[in-house]
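# Chain and residue survey
Chain by chain, the residues:
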Amino acid sequence: MFDGLRSASRESVVRAVWNVPRLLRHPVWRSTDPHEGNGLGVVLVPGFGAGEASLSPAGSWLRARGYHPGRSGVGFTVGCTTELLTKLLHSTEKHAELTGRPVVLLGQSRGGWLARLAAARRPDLVHGLVMLGSPVLDPMGAHPNVLRVARFLTRLAAAGVPGLLDDDCMRGPCFDEHIKALAEPLKVPAISIFSRLDGIVPWELCQDPCAECVEVRSTHTGMGFDPQVYEALGPRLAAWARKDVEVSA
């Protein structure tokens, strides 16, 4: 019990943002090559309740290296899974049209497994997939506090509040359909970044058998601000960008 309390106490937005100065001073942020990304598009998909701004450091880091980051259009990622997936597929298609080729999907937490669903559904639009702390093996295996919030949202949805999780997203045919889709093999290269210090998602649930699983020492909410995450992503995204240019040529 005490281990769980300690893990949960690390997961605060204030504590995560506190890492920003450390990230900005780190060589992984300061060393840039504006041609590295070769204009490769990256759609950023935020986690549950986080909003697009939560991945703004990732957007800035990508832009400085010649990638073309774009928004997913899923807002705070608290809506019905089917509706969010439809929005993400639409944004992915538009960003692929804008950049002229398939894009990378980069999602955190719920955004990561939504991105995986999109990659499995439309591999023709996706060049690669990055998941940060995403419980792809069991989306319902997150910290009990997160599940309590999710269940509260389903009650609000049942009361008529639009744009929130439906009870069917947590159990029933819709849930079963997406769980089955999450287990589908991927046709695109994928990275799953996980941390044993994650106080929201048990690291074991991030072990996607279709992805390269990379361990960092970060909190869940702090992954978008952690230098280790960018150290892991840098060479892998650069390799994808080089391969993208070779394929386009």
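For the rest of this paragraph, the subject is the sheet that holds strand 6 (residues 212-216). Strand order across the open sheet formed by six strands is 2-1-3-4-5-6, with parallel pairing between neighbours. The open sheet is flanked by strand 2 (68-71) and strand 6, the only strands paired with a single partner. Averaged over all pairs of adjacent strands, the angle between their axes in this sheet comes to 20 degrees, without regard to strand direction. As paired strands, strand 1 (residues 41-45) and strand 2 are joined by four bridges and run parallel to one another. When the bridges of strand 2 are listed, Gly41 appears paired with His68. Running at roughly 160 degrees to strand 1, helix 6 (residues 81-99) makes contact with strand 1, strand 2 and strand 3 (103-108) of the sheet. Relative to the sheet, helix 7 (residues 110-121) contacts strand 1, strand 3 and strand 4 (126-132), its axis offset from that of strand 3 by approximately 150 degrees.

The next subject is the environment of Arg30. Its location among the elements puts Arg30 in helix 4 (residues 27-30). For Arg30 and Trp61, which are 31 residues apart along the polypeptide, the C-alpha to C-alpha distance reads 9.3 Å. Those residues in contact with Arg30, other than ones at most four positions away along the chain, are Leu24, Arg25 and Arg65.

For the rest of this paragraph, the subject is the environment of Glu231. Tracing the sequence through the fold places Glu231 in helix 10 (residues 227-248). Between the alpha carbons of Glu231 and His26 there is a distance of 10.0 Å; along the sequence they are 205 residues apart.

Our next topic: the nonpolar core. Counting 28 residues, the largest nonpolar core has Trp61, Tyr67, Val130, Ile193, Leu233 and Leu237 as the members making the most contacts within it. Those elements giving two or more residues to this core turn out to be helix 4, strand 1, helix 5 (56-64), strand 3, strand 4, strand 5 (190-195), strand 6 and helix 10. Not counting the four nearest positions on each side in its chain, Trp61 is found in contact with Val28, Trp29, Tyr230, Leu233, Gly234 and Leu237. Val43, Leu125, Val136 and Ala190 belong to the second-largest nonpolar core, a separate cluster that totals 27 residues.

Cut-off values and rules
- Residues numbered from 1 in each chain as written.
- Predicted model: local features only at pLDDT ≥ 70, side-chain atom pairs only at ≥ 80, totals over all residues.
- Heavy atoms only, no water.
- Pairing = 2+ DSSP bridges.
- Helix = DSSP H or I, 4+ residues; strand = E, 2+ residues; numbered from the N terminus.
- Axes fitted to C-alpha atoms, helices over the stretch in contact; angles between N-to-C directions.
- Contact = heavy atoms within 4.5 Å.
- Core = buried A, V, L, I, M, F, W, Y, C linked by side-chain atoms within 4.5 Å.
- Buried < 20%, exposed > 50% of the residue type's maximum accessible area, 1.4 Å probe, protein only.

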